[in-house]
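# Remarks on the overall topology
Residue strings, one per chain:
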Amino acid sequence: MAVIYVDNKSYEVETGNSLLTTCLSLGLNVPYFCWHPAMQSVGACRQCAVKHFHDEHDTRGRIVMACMSDTKDGMRISIDDPEVKQFRASVIEFLMANHPHDCPVCDEGGECHLQDMTVLTGHVRRTYRFPKRTYQNQNMGPFVNHELNRCIQCYRCVRFYREYAGGHDLDVFGIHDRIYFGRFTDGTLENEFSGNLVEICPTGVFTDKTARSHFTRKWDLQTAPSVCVHCSVGCNTIPGERYGTLRRIRNRFNYEVNGYFLCDRGRYGYEFVNRDSRLRYPLLKNVAGGYAGASLEKATHRLRDMLGMGAGVIGIGSPRASLETNYVLQRFVGPENFYDGHSIEDYRTTKLILDIVRAAEPPVATLHEVARCDAVFILGEDVANTAPIMALALRQSVRQKQYAFTDKLDVPRWNDGGVRQAGAFDTGPFHIATYNKTRLDDIATSVFRAAPADLARFGAAVADAIQKGAEEDQPSENDIDIRAAQVARDLMEAERPLIVFGSGSGEVSIIHSALAVTRNLMAMGKKPQIAPVPPHCNSLGLLSLTGQSIEQALERLYADEVKSLLIVENDLYRVLTVEEAECALDKAAGVVAFDHTSTKTSGAADVTLPVGSFAEASGTYINYEGRCQRFFRVMSPLPENTDPWRRLLDIAKIIIAEAEPASLDLSAKSRWTKLAELNTLDDIVDALVADYPELQAVKDCAPSAAFRIDGMQVARQPQRYSGRTSMLADQTVHEPKPPIDVDSPLNFSMEGYHGEPPAEIIPRFWAPHWNSVQSLNKFQAEVGGPIKNQTPGKRIIAPRRSVGIPEAPPLPEAFTSRTGEWLVVPLYEIFGSEELSVLSPPVRERSPKPYIAISPSDAKKLRLLQGAAVTVSLGDIAVSVEVRLSPDLADGLLGLPLGLPRIPFVHLPAWGTIATGPSPQEAS
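To start, this report covers the structure provided alongside it. Just so it is clear, the model here is predicted, and its values are computed rather than measured.

Once that is clear, we can look at the overall build of the protein. Scanning the protein from N- to C-terminus turns up 28 helices and 36 strands. Here the protein has a C-alpha radius of gyration of 29 Å; the compact-globule value for 924 residues is 29 Å, and the two agree. Along the three orthogonal principal directions, the C-alpha set of the protein runs to about 90 × 85 × 55 Å. Counting over 924 residues, the protein shows a buried share of 62%. For the protein, contacts bridging at least 24 residues in sequence account for 74% of all contacts bridging at least 6. Averaging the coordinates of the 97 positive side-chain charges in the protein and doing the same for the 113 negative ones gives two points 5 Å apart.

So this is what it looks like as structure tokens:
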């Protein structure tokens, strides 16, 4: 600890930070532009000037930049000295000389950091009377809008895009006062984190193009804390709503999870909520096979008849549905009739991942810990496509060796420019073993490409090398052994080694090999961590409630043990082949689908009931590390978009109220009676914890609905929210009463608490003088650190060391190619493979056309060129796609990207054949 003096007031502070970080952490208002808590200092804007005095007798002092000055014990500075205030005012006057007078029409207006700093600095009048510098703006794709005339040359954009996120197609051009930040030519920004430029930029140069299509001023957005639904990381988000439409998604800081950033899929994949094809009212299939709208009561009667009063029904849960929804479905049909909604491959791999997470040996790394690991081994997982924000954290991990080198040179870590220049060539060990290229290959120390079976064998070879001590003089002429020994040495020499694996390959033996690596490291006295990647946002939450796979459900259905299917937020055509899904739906006497989005399953159901999406519902997800995170509805509740769990509760209440006691199955009557007694989210959480004591901490992941601050709920609407009396003027002359939310401590109004609530229920970041996203600084005890008091989310899957991890099966045989056949392996695309985000028009615009990846040597044998039309046959399934040459794909493999339009679900890996030309069905 040290003591510093700011304007003659003493403060006790931590050393090792820049002076700007220290001042901001103390709550002092020091203006800045180029500095960012995640990227630290380069001293480009000269806006954070303060006066530094030699000692208490020095009255003259000297002007220094706070972001480039170290915090030292006894130092004396002044923020309010007249000379330094004039200096800052002059700097911003120069920056504003060419800035356009377009605040009223700028998308950034109302949350602009430049506006905040201009007012804070006191620059209120312009004296520049000459023509302003102008630029030609670029079309940067469907996500980001470009308006360079507003640029103040802070360099944040290129620093983030190139240095932090690893992008290559955005750069700085020009010199002196004619600097251009953009692409060499017009075109879509290629990096998957480009949307962060919207929040990184302190002005309106880079703005959200999707929000512009339904523009609303920031003070008119109703917001609430939420969680991203597009992968298993569980990034914290702040959705914004107006007029019943979801307008945008912004990052919500979580120190242990996503920090300051989101991937583009999470930021722009929200438009599925606004689709015209949303399910809005109950639908009943008639005798002619068509559908007609119906009331909830009528749909419930049909459902009751199909369920046979509780006998013979299967409930299929969903890994994209909340923990509460899956629990209520389980209680609705009975635990013995509740089944997992993963594909068969995902069930096997995810179940093993859950067992590993529960065992807590080795421990699971948070993303904050991932970024600080000093050696990484990725085995079999394309992280950049299946968990993109984890890939961003992994990019920071390679800098740990760089930091270790510059620490010896006494270059402080906050001096980003100095660290990058002094340690430019010192990057940490980063090993990747996958069957196709990844977007992390550019930072890899070594890359190993092989079929899934050989990846598992490679992981086992690394584990063996660790067990043997990875001695350098171990003789070997086997290339795999040499590569494995290198990986083993780097992991053993690291202080914080990390093993990354997941369910993406569908090969369970890969996960067992990754686990063997970590266990052998632990046996050698090391402290490794793991980062498993399940397939969906609530995969671990779903599997915490059931141990029964969808495969078992189908067996019971075909054996006539059950008659009907109750499917909640799941499309069977994405977890089963077309033939399997159609056979199951045809076999069932009745099919009931609950969903917010129209799918092939909802289109084949006898009864379809609409439910709310993540923006219209409240609940809990459990992410890859076992962290429970609560999300809250941001849109006002309506009957057609109620919570999925509430829809099930309403149906149970109708059945109990209307059915004659003698007609009810006793077990079903008991279940539905208990469900009918539940009314709120808190009621469900209490019942869930009673049935699953190991999930006790679910209650602690967010305050209950009864929570109040000074007797008030937390306001979803900001104090400047406008138009309440006119929003519904076309329907009524009266201002409606705000909806009452019985499931959260949040209020659908601008009336309520506007201070600093608990971290889990912060609906937006705002503070006096700080309207931009930089206001987050005021919510942190130390800038860049956790939110005051606590971090949102609690790891609720309590470690249970008694959990038995299944014994590893024998290693698969080494891959051998077959004449005339290829092993088809699953590929993933960040834009296109995920079920919900692909329904968003801007994401769909970034999605590739359906393709099959093949190595150039295999393509040469088949005389195939890039873009050629081919048909891949896997048993009875034929897929017509274009050819994409992939030099990194091993010979004998074909890569099929699952989830893309026109590519049906297939159980992979599987052997298939390839023929030129489209299939007969495609040709017709």
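Ranked by size, the top nonpolar core spans 215 residues in total, and within it Phe 332, Met 390 and Leu 394 carry the most contacts. For this core, the element with the highest residue contribution is helix α16 (residues 452-467), accounting for 8 residues. Contacts of Leu 394, omitting those with residues within four sequence positions, involve Val 370, Val 376, Ile 378, Val 383, Phe 430, Leu 440, Ile 443, Leu 498 and Val 500. The next biggest cluster of nonpolar side chains, apart from the first, holds 38 residues, and it includes Val 6, Val 30, Cys 34 and Ile 77.

Considered as a void within the structure, the second largest pocket measures approximately 1100 Å³ in volume. Along the walls of the second largest pocket sit 42 residues, with Pro 37, Ala 38, Gln 40, His 368 and Arg 372 positioned nearest its centre. Breaking the lining of the second largest pocket down by element, the ones donating at least two residues are α4 (156-164), α11 (367-370), α13 (388-397), α14 (400-408) and α15 (416-422). Top contributing element to the lining of the second largest pocket by residue count: α13, with 4 residues. By residue class, the composition of the lining of the second largest pocket is 19 nonpolar, 13 polar and 10 charged.

Between its first and last C-alpha atoms helix α17 (residues 479-493) spans 21 Å; for 15 residues at 1.5 Å apiece the expected length is 21 Å, and the two agree. Along α17, the positions that sit buried rather than exposed are Ala 484, Ala 485, Val 487, Ala 488, Asp 490, Leu 491 and Met 492. Tucked inside the fold, the buried residues of α17 contact β18 (375-379), β19 (430-434), β20 (446-449), α16, β21 (497-502) and α18 (508-523).

Here we take up the sheet that holds strand β15 (residues 291-293). Across the sheet, 7 strands lie side by side as β15-β14-β25-β24-β23-β16-β17; this open sheet has mixed pairing. Edge strands, defined here as strands with exactly one partner in the open sheet, are β15 and β17 (338-339). Bridge analysis of strand β14 (residues 283-285) against β15 gives 3 bridges, and the strand direction is antiparallel. Along β15, the bridge assignment pairs Leu 284 with Ala 292.

Before going further, it helps to examine the packing of aromatic side chains. The tally for this structure, following the rule as stated, stands at 21 aromatic pairs. With 6.1 Å between their ring centres and 70 degrees between their planes, Phe 377 and Phe 458 make a pair best called edge-to-face. Note that Phe 377 is positioned in strand β18 and Phe 458 in helix α16, a separation of 81 residues in sequence. A relative accessible area of 0% means that Phe 377 is categorised as buried. Exposure remark for Phe 458: the relative accessible area of 2% places this residue in the buried category. An aromatic cluster is present here, built from Phe 160, Tyr 164, Phe 253, Tyr 260 and Phe 261 joined pairwise through their rings.

As a further point, take the packing of α16 against α17. Close contact between α16 and α17 brings their axes to 8 Å; oriented N to C, the two are set at 55 degrees. Of the possible angle classes, the one that applies to α16 and α17 is oblique. Where α16 crosses over α17, the handedness of that crossing is right-handed. Each of Phe 458, Ala 461, Val 462, Ala 465 and Ile 466 in α16 lies in contact with α17, whose residues at this interface are Ile 480, Asp 481, Arg 483, Ala 484, Ala 485, Val 487, Ala 488, Leu 491 and Met 492.

For helix α2 (residues 82-96), which comprises 15 residues, the first-to-last C-alpha distance of 21 Å matches the rise-based estimate of 21 Å (1.5 Å per residue) to within 8%. Every buried residue belonging to α2 is among Val 84, Arg 88, Ala 89, Val 91, Ile 92, Leu 95 and Met 96, and all of these are buried. Projected down its long axis, α2 shows its buried positions confined to an angular sector of 160 degrees, all on one face. Among the exposed residues of α2, those oriented more than 90 degrees off its buried face are Pro 82, Gln 86 and Phe 94. Looking at the buried positions of α2, the neighbouring elements they touch are β3 (49-53), β4 (62-65), β5 (76-78) and α3 (113-121). Where α2 starts, the residue carrying a side-chain oxygen 3.0 Å from the main-chain nitrogen of Glu 83 turns out to be Asp 81.

Attention now moves to the sheet that holds strand β22 (residues 529-533). Ordered in space as β20-β19-β18-β21-β22, the 5 strands form an open sheet in which the pairing is parallel. Either end of the sheet is taken by a strand with one partner, and the two such strands are β20 and β22. Here the average twist between neighbouring strands, direction ignored, is 10 degrees. Inspection of the sheet shows β19 paired to β20 by 4 bridges, in the parallel sense. Along β20, the bridge assignment pairs Thr 434 with Arg 449. Across the sheet, α17 is in contact with β18, β19, β20 and β21; its angle to β20 comes to roughly 135 degrees.

Let us now look at the pattern of salt bridges. Under the definition given, this model contains 46 salt bridges. Here Glu 551 ties to Arg 348 by a salt bridge, and the two come within 3.2 Å at their closest N and O atoms. Remark: Arg 348 occurs in helix α10 (residues 344-359) and Glu 551 occurs in helix α20 (residues 550-558); sequence separation between them is 203 residues. Of the residues examined, Glu 551 reaches a relative accessible area of 30% and is grouped as partly exposed. Judged by relative accessible area, Arg 348 falls into the partly exposed class, the value being 44%. When the shortest N-O distance is used, the salt bridge between Asp 743 and Arg 646 registers 2.9 Å. You can see Asp 743 sitting in the loop between β28 (714-715) and β29 (746-747) and its partner Arg 646 sitting in helix α23 (residues 644-658), a full 97 residues away along the chain. Just as Asp 743 is buried, Arg 646 falls in that class too. One network of salt bridges, with partners in common, ties together Arg 633, Asp 643, Arg 646, Arg 716, Asp 741 and Asp 743.

Turning next to the pairing of strand β13 (residues 245-251). Burial analysis of β13 places 6 of its 7 residues in the buried class, which makes it a mostly covered element. Relative to β13, strand β12 (residues 236-242) runs antiparallel, the two being bridged by 6 bridges. Bridge pairing in β13 places Ile 238 opposite Arg 250. Hairpin connection between β12 and β13: a loop of 2 residues separates the two successive antiparallel strands, and Tyr 243 in this loop has a positive phi of roughly 55 degrees.

Rules and cut-offs
Residues numbered from 1 in each chain as written. Predicted model: local features only at pLDDT ≥ 70, side-chain atom pairs only at ≥ 80, totals over all residues. Heavy atoms only, no water. Helix = DSSP H or I, 4+ residues; strand = E, 2+ residues; numbered from the N terminus. Rg over C-alpha atoms; globule rule 2.2 N^0.38 Å. Buried < 20%, exposed > 50% of the residue type's maximum accessible area, 1.4 Å probe, protein only. Contact = heavy atoms within 4.5 Å. Lys, Arg positive; Asp, Glu negative; His and termini not counted. Charge placed at Lys NZ, Arg CZ, Asp CG, Glu CD. Core = buried A, V, L, I, M, F, W, Y, C linked by side-chain atoms within 4.5 Å. 1 Å grid on protein atoms, 1.4 Å probe; cavity = no way out; pocket = protein on both sides within 12 Å on 5 of 7 lines; lining within 4 Å. Points joined across faces, edges and corners; volume = space filled by probe spheres on them. Nonpolar A, V, L, I, M, F, W, Y, C, P; charged D, E, K, R; others polar. Expected span 1.5 Å × (residues − 1). Pairing = 2+ DSSP bridges. Phe/Tyr/Trp six-rings, centres within 6.5 Å; stacked < 30°, edge-to-face > 60°. Axes fitted to C-alpha atoms, helices over the stretch in contact; angles between N-to-C directions. Parallel < 35°, antiparallel > 145°, perpendicular 65-115°, else oblique. Left-handed = near helix turned anticlockwise from the far one by under 90°. Arc of directions from axis to C-beta. Polar contact = N/O pair within 3.5 Å; in protein donor to acceptor, adjacent residues only side chain to side chain. Salt bridge = Lys/Arg side-chain N within 4 Å of Asp/Glu carboxyl O.

Nothing here speaks to function; it is all geometry.
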